[in-house]
Protein chains: 2
Amino acid sequence: MKGINLGLIGFGNVGSGVVRILRDRRVFLAEKSGLQINIKKICDKDFSVKRGVNVDKSLLARSAQEVIDDPQIDIVVELIGGVHPAKDYISASLKKGKDIVTANKALLAQEGRSLFAEAALRGKNIYFEASVGAGIPIIKALREGLIANRFNSIFGILNGTSNYILSSMSSNNCDFQSALKEAQKKGFAEKDPTLDIEGIDSAHKLILLTYLCFGKFVKMEDIFIEGISQISLSDVIYAKELGLEIKLLAIAKKEGKELEVRVHPTLIPEDNLLASVNGVFNAIHVTSDLAGDLLFYGPGAGQMSAASAVVSDIVDLAQDIKAGLFRPAMSIIEDKSVQRLSSIEEFRSRYYIRFMALDKPGVLAKISGILAKYGISIASVTQKERHKAHIVPIVMIVHESNEKYLRHALMQIDRLDVIKEKPVAIRIEEI
Amino acid sequence: MKGINLGLIGFGNVGSGVVRILRDRRVFLAEKSGLQINIKKICDKDFSVKRGVNVDKSLLARSAQEVIDDPQIDIVVELIGGVHPAKDYISASLKKGKDIVTANKALLAQEGRSLFAEAALRGKNIYFEASVGAGIPIIKALREGLIANRFNSIFGILNGTSNYILSSMSSNNCDFQSALKEAQKKGFAEKDPTLDIEGIDSAHKLILLTYLCFGKFVKMEDIFIEGISQISLSDVIYAKELGLEIKLLAIAKKEGKELEVRVHPTLIPEDNLLASVNGVFNAIHVTSDLAGDLLFYGPGAGQMSAASAVVSDIVDLAQDIKAGLFRPAMSIIEDKSVQRLSSIEEFRSRYYIRFMALDKPGVLAKISGILAKYGISIASVTQKERHKAHIVPIVMIVHESNEKYLRHALMQIDRLDVIKEKPVAIRIEEI
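Residues numbered from 1 in each chain as written. Chains lettered and ligands numbered in written order. Predicted model: local features only at pLDDT ≥ 70, side-chain atom pairs only at ≥ 80, totals over all residues.

Once that is clear, we can look at the overall build of chain A. Secondary structure summary: chain A contains 14 helices and 17 strands in total. Taking 431 residues into account, the globule formula puts the C-alpha radius of gyration at 22 Å, and chain A, at 24 Å, falls close to it. For chain A, the C-alpha atoms occupy an extent of roughly 80 × 45 × 35 Å along the three principal directions. The 431 residues of chain A split such that 51% are buried. Pairs at least 24 residues apart make up 76% of the contacts formed inside chain A by residues separated by at least 6 positions. (Helix = DSSP H or I, 4+ residues; strand = E, 2+ residues; numbered from the N terminus. Rg over C-alpha atoms; globule rule 2.2 N^0.38 Å. Buried ≥ 20, exposed ≤ 12 C-beta atoms within 10 Å, placed from the backbone. Contact = placed C-beta atoms within 7 Å.)

Printed below as a string of structure tokens:
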């Protein structure tokens, strides 16, 4: 049985999970794959932290360079995260003829285009199943299982932290800050949760999914990103009364020759499957032209879940290495029907809008007059019970409207002296 | 670019879909896979039926034997369905050194064990992605994406026809017969719907999933199978009032050292994702030990959806053939922690029970007395509005009970002269 040798750069949470699987399931994996997968070297900047897994001291390398330079290592598994020095390690490993497995979505989102090109040039591969949806085999599904398909849209709940917070607001009627605190207490949110709650992490993952589905490597600055920190409990409640649930969705959607790529809080009908994805779970809904509407659901994070994905990449690469098979250029080709990315200003959707207005005659007439001026047509309007003295929430659903005009209208309405808080608008998707 | 040659046995609905994809996306697939996939021969018992796809007459073979005997054919795609003569064709093709792609769940459920063994013996493979969940890449996910995992359970909505009927009963308040008629009118149910509505088709697919997750090839007679034809609209409605939805679930579940394998109408909490799977859609929920709870959802049938899966199998096999790679024995090994299959009589679950009883004093006392005698404890009871004169439905939820005792209790209750219809019991799963 041929042995494949791994070098592991990064022995933290996921790294130690990978080592545990490869050690505890050595025979199991060998029987399934016909391969012996050996850990040849492990490096980490700090080995003093307990990993919950004992490794032979002889495996510990003093530097990443030692791993990269080892001619016996076939696959380098990069699990340190962050852009630098991860990029240099991967690049140097490719130069030495090694294949790569990584879970590093931030790196691939920023540097993937050049790294994939470099890998293709050298006839090597970069596998990254763990970078989106942890153990959910979504990347394999898109690359291989759906290889014959063209795609129309991706709707993803890609960030467990944000989804936990929104689900918790919705089911426990608590506000954003207390939901966040609870998430932090349970270890579902970092001390500085910015990357998660502001949609950055979702956007990183969306770049990878967009690449897989449309063959376009979009840049972070091309993505409209809006986080969840401005979502108030009252909007969650009012939306629910309208049969809508709020989710932070990462969306890539073909509209004619244009591709919309955006991350923002989105209202979806409560009977849509994505509306039932709660807690730290992730789900990815794709619309494909042959296989139809598909949804993939599972825990979006977690040591062993991510390690499960890393190990599946290792086994796949090991199979290919054993056979001398190179699956070229990530099997990804550009969808040439997409000619450009559309900007959020051109975007059209239905909206949920909430105004906080003085409770006096003529207010609704003023608001609806301005909306009408911008061609925005009201589908429903409800005046809620009073919040504070004389101030009432007015909740509207408007028919499909242009984002740019809506923004202008809201700005103008905001200037009315009867309006007491900045109007809130949340996009509605039918999916 | 190396070419891989296909022989197609069966040029019906799915077969013509496969031909259409391979022809219309020839360049697309070649760019993605680095392979030219050529259709070398097509055979069908009747070429006079219009297929919506034109093929060169020179490709048409007069018999399956001609396909099997062609030394230039690398992969035989069997899409005729049924056990015979499909089994003989596959077996003969393996003998001639060909790999196989099939969508034939009935065949594999019955003869898979021997066919897989024969394939392994000859260093060939049988791929069957389209046989469960059509275009949902569930088999690839279980075999490859989750290769490092052990599984605890499978809960599948595997039959689109049954799910369509149950969803339609639930959302349109119509009874089984009219839901079935509607399904037939829309082409979602066969003229003779037995295989679908009696759970046979689900059981076929469950055999394959059980094999993939637990490495056990169970027999049809080992599976407890109950269809949906006895489900009445009133039970759908009463269950819904209790926050439960009814689904035909195919279940394989490890309980200690035993494996339960069963197909039956099942009540699940309405907030469970599976409860929101409506219409002809399929969904498979698996619990894995590393990647956690995962769900895969998509259309469970359809020409192009199934063809999408067949083509992905063809591409995978073609890659392996090109590289001389053999992925041994379907990467499946037996879960040795499972020592035996449990029988339905040993089964324990919560139950929904409905009695139709005379509306007079003492009835509930009689019923609950018998239940108590068998150790069955009532969690809730509701007496519904009268159905017919003097007859009232009594709906109960009972705590986890043993199926055998429950059956005895119901039989005894049925004999009471105050009971006017056979009592109905439906299993409840928490998932």
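With that out of the way, let us pick up the interface of chain B and chain A. Taken together, the contacts link 49 residues of chain B with 49 residues of chain A. Mapped by element, the contributors of at least two residues to the side of chain B that touches chain A are α2 (26-33), α6 (138-145), β12 (292-299) and α12 (303-323) of chain B. Among the elements that make up the side of chain B that touches chain A, the one with the highest residue count is α12(B) (10 residues). Residue classes in the side of chain B that touches chain A are distributed as 25 nonpolar, 15 polar and 9 charged. In terms of strand pairing, strand β12 (residues 292-299) of chain A meets β12(B) through 3 bridges, oriented antiparallel. (Nonpolar A, V, L, I, M, F, W, Y, C, P; charged D, E, K, R; others polar. Pairing = 2+ DSSP bridges.)

All names here are of chain A. In space, the 6 strands of this open sheet follow the order β3-β2-β1-β4-β5-β6, with parallel pairing throughout. Each of the sheet's edge strands pairs with one partner strand only, and the pair in question is β3 (60-61) and β6 (126-127). Taken together, the 4 bridges between strand β1 (residues 3-9) and strand β4 (residues 75-78) define a ladder with parallel strand orientation. If you follow Leu-6 over to β4, its bridge partner there is Ile-75. Across the sheet, helix α12 (residues 303-323) is in contact with β1, β2 (36-43), β4, β5 (99-102) and β6; its angle to β5 comes to roughly 170 degrees. (Axes fitted to C-alpha atoms, helices over the stretch in contact; angles between N-to-C directions.)

Moving on: the domain arrangement of chain A. Residues and elements named next belong to chain A. Assigned domains of chain A: these are domain 1 (3-134 + 303-331), domain 2 (145-299) and domain 3 (346-428). The C-alpha centroid of domain 3 is placed 25 Å from the C-alpha centroid of domain 2. Each partner contributes residues to the interface: domain 2 has 12 residues there, and domain 3 has 11 residues. Among the secondary structure elements, those contributing two or more residues to the side of domain 2 that touches domain 3 are α11 (233-241), β9 (244-255) and β10 (258-269). A per-element tally of the side of domain 2 that touches domain 3 places β10 first, with 5 residues. Residues belonging to the side of domain 2 that touches domain 3 are distributed by class as follows: 7 nonpolar, 3 polar and 2 charged. (Domains from an automatic or database assignment.)

For the pair chain B and chain A, the relating rotation is 180 degrees, the translation along its axis is 0.0 Å, and the fit reaches an RMSD of 0.0 Å. Viewed as a symmetry operation, the transformation between the two copies matches a two-fold axis. Considering only C-alpha atoms, the part of chain B nearest the rotation axis is Phe296(B), at 2.4 Å. (Least-squares fit on C-alpha atoms with pLDDT ≥ 70 in both.)

Packed helix pairs are characterised by how far apart their axes lie and by the angle those axes make with each other. Residue and element names in this part refer to chain A. In contact at an axis separation of 8 Å, helix α1 (residues 13-24) and α12 are set at 60 degrees when each is read in the N-to-C sense. Handedness of the α1/α12 crossing: right-handed. Residues Asn-13, Val-14, Gly-17, Val-18, Ile-21 and Leu-22 of α1 touch α12, and the partners they reach there are Gln-303, Met-304, Ala-306, Ala-307, Val-310 and Val-311. The residue makeup of the contact of α1 with α12, split by class, is 9 nonpolar, 3 polar and no charged. (Left-handed = near helix turned anticlockwise from the far one by under 90°.)

In this fold, Gly362(B) is placed in the loop between β14 (348-358) and α13 (363-373). Overall, Gly362(B) belongs to the exposed group, with 10 C-beta atoms counted inside 10 Å.

Turning to the sheet that holds strand β6 (residues 126-127) of chain B, a few remarks are in order. All names here are of chain B. In space, the 6 strands of this open sheet follow the order β3-β2-β1-β4-β5-β6, with parallel pairing throughout. Strands with a single pairing partner mark the edges of an open sheet, and in this sheet they are β3 (60-61) and β6. Where strand β1 (residues 3-9) lies against strand β2 (residues 36-43), 7 bridges are found, and the strand directions are parallel. Bridge assignment links Asn-5 to a residue of β2, and that residue is Asn-38.

Quick look at the packing of helix α4 (residues 86-95) of chain B against helix α5 (residues 105-121) of chain B now. All names here are of chain B. Where α4 contacts α5, the two axes come as close as 11 Å, and the packing angle between them is 10 degrees. For the element pair α4 / α5, the angle class is roughly parallel. Every pair of crossing elements has a handedness; the one defined by α4 and α5 is right-handed. Taken together, the residues of α5 that come into contact with α4 (itself represented by Ala-86, Lys-87, Ile-90, Ser-91 and Leu-94) are Leu-107, Glu-111, Leu-115, Glu-118 and Ala-119. Of the residues that constitute the contact of α4 with α5, the class distribution is 6 nonpolar, 1 polar and 3 charged. (Parallel < 35°, antiparallel > 145°, perpendicular 65-115°, else oblique.)

All names here are of chain B. Neither face of strand β5 (residues 99-102) is open: one carries Asp-99 and Val-101, the other Ile-100 and Thr-102, and all of them are buried. Pairing of strand β4 (residues 75-78) with β5 involves 4 bridges; the strand directions are parallel. From the neighbouring strand, Glu-78 faces β5, where its bridge partner is Thr-102. Across 2 bridges, the pairing between β5 and β6 is parallel. The residue bridging Ile-100 from the neighbouring strand is Ile-126, located in β6. Between β5 and its parallel partner β6, the chain crosses via α5, and the hand of that crossover is right-handed. (Right-handed = clockwise from strand over helix to strand, strands pointing away.)

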